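Coordinate inspection notes
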Amino acid sequence: MDLGDTVFISTPGTLLRLEGDALRVVLPDKPGRHLVPLHRVESLILWHGVDISSDSLRWCIDHGVHVTWITQNGRLHASITGHEPARPELHLAQFRAYEDPDHRLELARVITAGKLQNYRQLLLRSARDARGARQTTLRHIAELHSLAISKLAMASNLTEVMGIEGRAAREYFGSLNHVIAGAVNTRTRRPPTDPVNCYLSATYGLLRSSIHSAIVHVGLDPHVGFIHGVRGPKPTLALDLMEEMRALLVDRLVATLFNRNQVRDSYWREVAGGAVLLTDAGWKHLLTEWVAARQRLWPHKVLGRRIPAAEIPFVQARALARHLREPQHVYAPWLVTG
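So, here's what we can say about the structure.

Applying the stated criterion to the full structure yields four salt bridges. For K115, the salt bridge is made with E165, and the minimal N-O distance between the two is 2.4 Å. Here K115 is found in helix α3 (residues 101-128), whereas its partner E165 is found in helix α5 (residues 158-173), with 50 residues between them in sequence. Look at K115 and you get buried, because its relative accessible area is 8%. One salt bridge in this structure joins K115 and E243, with 2.9 Å as the shortest N-O distance. Here E243 lies in the loop between α7 (236-242) and α8 (246-259) and K115 lies in helix α3, a separation of 128 residues in the sequence. E243 carries the same exposure label as K115, and that label is buried. Residues participating in the shared-partner salt-bridge network are K115, E165, E243 and R246.

Spelled out as structure tokens, the structure:
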């Protein structure tokens, strides 16, 4: 399956122009003719200060290329996708599942269990490389996640599910320094106030954009989620599916970068108010690592084979769509065990 490519443009002052069926990238202070063939482009991710011409944007809309604008700290600012698949029967099935408390609860429990299981695997993997009190702490939190998964099966409403997930998240982030070197033991998001949280926020933004694109690709409504509900313009279904992919596609990558001392002081800066943002050099470093990580092969139990990380959002979105159309096909979250 050819999923195409995601093109990241992060240099402020860059202009994107249409030239035939290619995108001409006009870089500041870098003369020359830089062309990106558009026939394989799946999505464009643009940072603050990057401009795209109206004819380029129209081409993307006409050909279903997902265009996303992201702020410097990785938050999704806006996105456009043209020619979304016309699948009203799938939308109706999605809406019916959302309005059915039992069906919505079932999906919320399954997706949250997937999240906790993958975080448990991340904790156990970190414990294998640890010694002493650090190893004991990591194994203890992994056991708490295992108990939380058991409690999910008995949760009778969405509030209980979110309470179980919230407690597990606090336990995980409360000992984040045991997973990621130099981390503070709390999650700060709006804005991130330390380099680790800055990298996490930025990479979560990249994952969210990838999942949003996959959801639109299969014809689901990205704004109707089963855990996060309906929150105006927020793509809550993308936030739902992110849950089962966060630990291994984002946290593990960020942990690798910090634990191997690959993040330099020049990759981030502190601004007024205490917020920490990535510098241009930081974005280039993160994007290089993200693109490489998307090619990594991961096991997929349902498919019975290993697939690139870039395919996982599409596979899971298709699996969810099939479940909504044919509920007898149970939705299985993406899990990595062992």
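Taking 1.5 Å of rise per residue, 16 residues should cover 22 Å, and α5 covers 22 Å from first to last C-alpha, within 8% of that figure. Those residues of α5 that sit buried are V161, I164, E165, G166, A168, Y172 and F173. Among the structural elements, α3, α4 (132-152), α6 (195-218) and α8 are those in contact with the buried residues of α5. Sitting at the amino-terminal end of α5 is N157, which places a side-chain oxygen 3.1 Å from the backbone nitrogen of T159.

We now examine the environment of D280. Of note, D280 is situated in helix α9 (residues 280-294). Residue classification places D280 among the partly exposed residues on the basis of a relative accessible area of 38%. Separated by twelve residues in the primary sequence, D280 and W268 have C-alpha atoms spaced 8.6 Å apart.

On to the nonpolar core. In terms of nonpolar packing, the biggest core is built from 82 residues, with I180, Y199, L220, L320 and L324 touching the most fellow members. The leading source of residues in this core is α6, at twelve residues. What L220 contacts, discounting residues up to four positions off in sequence, is L90, H91, Q94, I215, L237, A317, L320, A321 and L324. Membership of the second largest hydrophobic core comes to 15 residues, among which are L38, V50, I52 and W59.

In this section: unusual backbone geometry. Located in the positive-phi region is N261, a residue other than glycine, with phi close to 55 degrees. Mapped onto the elements of the fold, N261 is located in the loop between α8 and β9 (268-270). Given the relative accessible area of 68%, N261 is considered exposed.

A separate point is the packing of α3 against α4. It is at 9 Å that the axes of α3 and α4 come closest, and there the two elements cross at 165 degrees. When the axes of α3 and α4 are compared, the pair comes out roughly antiparallel. Along this stretch, α3 crosses α4, giving a crossing that reads as left-handed. Between α3, through R109, T112, A113, L116, Q117, Y119, R120, L123, L124, S126 and A127, and α4, the contact on the second element is made entirely by R134, Q135, L138, R139, I141, A142, H145, S146, A148, I149 and L152. Residue composition of the contact of α3 with α4, by class: twelve nonpolar, six polar and four charged.

Here the structure, examined in full by the defined rule, presents four aromatic pairs. Judged by centre distance (4.9 Å) and plane angle (75 degrees), the ring pair of Y172 and F173 falls under edge-to-face. The residues Y172 and F173 share a single accessibility class, namely buried. Between the aromatic rings of W298 and W334, the centroid separation amounts to 5.6 Å while the plane-to-plane angle is 90 degrees, which identifies the pairing as edge-to-face. Here W298, found in strand β11 (residues 297-300), pairs with W334, found in the segment after α10 (312-325); they are 36 residues apart in sequence, far enough to count as distant. Among the residues examined, W298 registers a relative accessible area of 4% and is labelled buried. Owing to a relative accessible area of 1%, W334 belongs among the buried residues under this scheme. Through a chain of ring-to-ring contacts, three or more aromatic side chains come together here, namely Y119, Y172 and F173. We note R246 situated over the ring of Y204; from NZ or CZ to the ring centre the distance is 4.5 Å. Over the face of the ring belonging to W298 we find R296, whose NZ or CZ atom lies 4.0 Å from the ring centre.

Calculation criteria
- Residues numbered from 1 in each chain as written.
- Predicted model: local features only at pLDDT ≥ 70, side-chain atom pairs only at ≥ 80, totals over all residues.
- Heavy atoms only, no water.
- Salt bridge = Lys/Arg side-chain N within 4 Å of Asp/Glu carboxyl O.
- Helix = DSSP H or I, 4+ residues; strand = E, 2+ residues; numbered from the N terminus.
- Buried < 20%, exposed > 50% of the residue type's maximum accessible area, 1.4 Å probe, protein only.
- Expected span 1.5 Å × (residues − 1).
- Contact = heavy atoms within 4.5 Å.
- Polar contact = N/O pair within 3.5 Å; in protein donor to acceptor, adjacent residues only side chain to side chain.
- Core = buried A, V, L, I, M, F, W, Y, C linked by side-chain atoms within 4.5 Å.
- Axes fitted to C-alpha atoms, helices over the stretch in contact; angles between N-to-C directions.
- Parallel < 35°, antiparallel > 145°, perpendicular 65-115°, else oblique.
- Left-handed = near helix turned anticlockwise from the far one by under 90°.
- Nonpolar A, V, L, I, M, F, W, Y, C, P; charged D, E, K, R; others polar.
- Phe/Tyr/Trp six-rings, centres within 6.5 Å; stacked < 30°, edge-to-face > 60°.
- Lys NZ or Arg CZ within 6 Å of the ring centre and 35° of its normal.

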